[in-house]
Amino acid sequence: MTPQAKLIFTTSLLLGTTITISSNHWIMAWAGLEINTLAILPMISKSHHPRSVEAATKYFLTQAAASALVLFSSMTNAWHTGQWDITQLTHPTSSLILTSAIAMKLGLVPFHFWFPEVLQGSPLTTGLLLSTVMKLPPITLLFMTSPSLNPTLLTCMAVLSTALGGWMGLNQTQIRKILAFSSISHLGWMAIIIAYNPKLTLLNFYLYTLMTTAVFLTLNTIKTPNLSTLMTTWTKIPSLNAMLFLTLLSLAGLPPLTGFLPKWLIIQELTKQDMIPAATAISLLSLLGLFFYLRLAYCATITLPPHTTNHMKRWHINKPTSTTIAILMVLSTTLLPISPMITTII
């Protein structure tokens with residue numbers, strides 16, 4: 001892909017995201033989502049590999065269906081209430097259709113089937129965009145319509161997402177698929193709290209974006225597509241692998257790392273709302289995710305020879321680690337002590 005094309009698509013992504021998150025009218029929000037979809041498609045299929053083309057096709061079909069549902073829900077609401085304002089989505093049928101549409105755009109269970117396949121067919125940098133930037137506009141729409149959403153439906157989808165994200169990630173060997181199921185699991189945590197405390201959903205999303213960006217950029221630096229090659233990368237950049245270990249544990253939500261903060265606050269809020277069974281269920285189901293994060297962390301750092309992989313050892317690289325990765329990794333592991341300041345901000 002030429003630099004000019006890359007610039008155009010990146011600008012379109014930023015433009016689409018900005019239009020959606022700053023709009024009050026449903027048609028503007030829909031237009032922003034469409035710009036986003038059209039901008040990311042060439043980035044997914046840029047390698048011209050059959051798997052990439054398949055991923056782009058699946059992505060396009062799913063997002064087109066979800067966008068049609070967004071339009072349908074807003075038109076139904078306008079028909080009954082005369083309002084095109086995003087925050088005035090008060091009709092219950094429109095709320096249900098919108099929840100389904102946003103779940104399809106995000107990859108929440110039961111609309112999650114496309115996400116691991118698309119992520120597996122995309123390059124790592126595009127996978128990073130799909131897991132973070134492309135999730136921001138739909139989450140913003142959920143945030144703006146949160147007072148009229150159905151809490152029972154969202155709780156069911158959230159618990160199922162956490163269960164399926166953890167369960168289906170257990171047996172994977174491809175790192176991008178593991179990160180896709182990790183994303184589905186984290187989306188469950190965001191969805192369960194959106195109807196009660198939307199700001200916590202945004203906090204969870206920001207911290208998830210921070211940690212996932214660190215992991216994706218690290219994997220892109222050490223060029224690792226699957227677990228068997230991850231086992232041989234500890235010889236390449238040992239310090240980076242050690243920090244990858246901590247970032248993966250942070251993604252799993254272990255204290256005293258950054259990833260524990262949103263889980264802690266969400267469980268606290270659910271307890272205040274008398275949703276102790278839901279809080280217990282989602283906490284126990286996150287242990288499934290902990291298992292595959294530990295597996296990734298083990299493969300990245302603790303595996304020492306002799307082991308059964310047929311890959312050659314990588315040459316040690318003396319090139320300094322990118323400053324961006326270094327800053328992201330430090331933030332991904334050390335933000336828990338300033339949680340009182342974060343909670344006062346939100």
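Keep in mind it's a predicted model, so treat the numbers as computed, not measured. (Residues numbered from 1 in each chain as written. Predicted model: local features only at pLDDT ≥ 70, side-chain atom pairs only at ≥ 80, totals over all residues. Heavy atoms only, no water.)

Moving on: the environment of serine 250. Within the secondary structure, serine 250 is located in helix H12 (residues 238-252). Serine 250 sits 82 residues away from serine 332 along the chain, and the two C-alpha atoms are 6.7 Å apart. For serine 250, the residues in contact, after removing those within four places along its chain, are Met211, Leu257, Thr258, Gly259, Phe260 and Ser332. Here serine 332 takes part through its backbone oxygen, which lies 2.5 Å from a polar atom of the side chain of serine 250. (Helix = DSSP H or I, 4+ residues; strand = E, 2+ residues; numbered from the N terminus. Contact = heavy atoms within 4.5 Å. Polar contact = N/O pair within 3.5 Å; in protein donor to acceptor, adjacent residues only side chain to side chain.)

With that settled, the discussion passes to the UniProt feature "domain: NADH:quinone oxidoreductase/Mrp antiporter transmembrane" (unreviewed entry) in the protein chain. Those residues carrying the UniProt feature "domain: NADH:quinone oxidoreductase/Mrp antiporter transmembrane" (unreviewed entry) are residues 23-288 in this numbering. Overall, residues 23-288 shows 75% helix and 0% strand. The separation of its end C-alpha atoms is 38 Å. (UniProt positions renumbered as here; feature names shortened; annotations may be inferred.)

Further remarks concern the nonpolar core. In terms of nonpolar packing, the biggest core is built from 94 residues, with Tyr59, Leu130, Leu219, Leu230 and Leu244 touching the most fellow members. The element that contributes the greatest number of residues to this core is helix H10 (residues 198-222), accounting for 13 residues. Residue assignment places this core across two domains, with domain 1 (1-128) and domain 2 (150-345) each supplying three or more. In contact with leucine 219, not counting residues within four places along its chain, are Leu124, Ile175, Leu179, Thr224, Leu230 and Leu244. (Core = buried A, V, L, I, M, F, W, Y, C linked by side-chain atoms within 4.5 Å. Buried < 20%, exposed > 50% of the residue type's maximum accessible area, 1.4 Å probe, protein only. Domains from an automatic or database assignment.)

Moving on, we get to empty space enclosed by the protein. One pass over the structure, following the stated rule, counts six cavities of 30 Å³ or more. In this structure, the largest cavity occupies an estimated 90 Å³ of space. Tyr59, Gln63, Lys105, Met134 and Pro138 are, among the 13 residues lining the largest cavity, the residues nearest its centre. Every element with two or more residues in the lining of the largest cavity is listed here: helix H2 (26-44), helix H3 (50-81), helix H5 (114-121) and helix H7 (136-145). By residue number, the principal contributor to the lining of the largest cavity is H2, which donates three residues. When its residues are assigned to classes, the lining of the largest cavity shows eight nonpolar, three polar and two charged. (1 Å grid on protein atoms, 1.4 Å probe; cavity = no way out; pocket = protein on both sides within 12 Å on 5 of 7 lines; lining within 4 Å. Points joined across faces, edges and corners; volume = space filled by probe spheres on them. Nonpolar A, V, L, I, M, F, W, Y, C, P; charged D, E, K, R; others polar.)

Our next topic: the domain arrangement of the protein chain. Partitioning the protein chain into structural domains gives domain 1 (1-128) and domain 2 (150-345). Distance between the C-alpha centres of domain 1 and domain 2: 24 Å. With 21 residues of domain 1 in contact, the opposing surface of domain 2 contributes 26 residues. For the domain 1 and domain 2 pair, buried surface summed over both sides reaches about 2,000 Å², with 77% attributable to carbon and sulfur atoms. (Buried area = accessible area lost by both parts, 1.4 Å probe.)

All right, on to the environment of leucine 240 then. Inspection of the secondary structure assignment puts leucine 240 in helix H12. Remark: the alpha-carbon pair of leucine 240 and isoleucine 345, spanning 105 residues in sequence, is separated by 32 Å. Once residues lying within four places of it in the same chain are set aside, the contact partners of leucine 240 are Thr218, Thr221, Ile222, Thr321, Ile325 and Met329.

As a packed pair, helix H4 (residues 92-106) and helix H8 (residues 151-169) sit with axes 11 Å apart at the nearest point and diverge in direction by 20 degrees. It follows that H4 is roughly parallel to H8 by the angle criterion. Here H4 and H8 pass one another in a crossing that is right-handed. On H8, the residues touching Leu96, Thr99 and Ala103 of H4 are Leu153, Leu154 and Met157. Of the residues assigned to the contact of H4 with H8, the class counts are five nonpolar, one polar and no charged. (Axes fitted to C-alpha atoms, helices over the stretch in contact; angles between N-to-C directions. Parallel < 35°, antiparallel > 145°, perpendicular 65-115°, else oblique. Left-handed = near helix turned anticlockwise from the far one by under 90°.)

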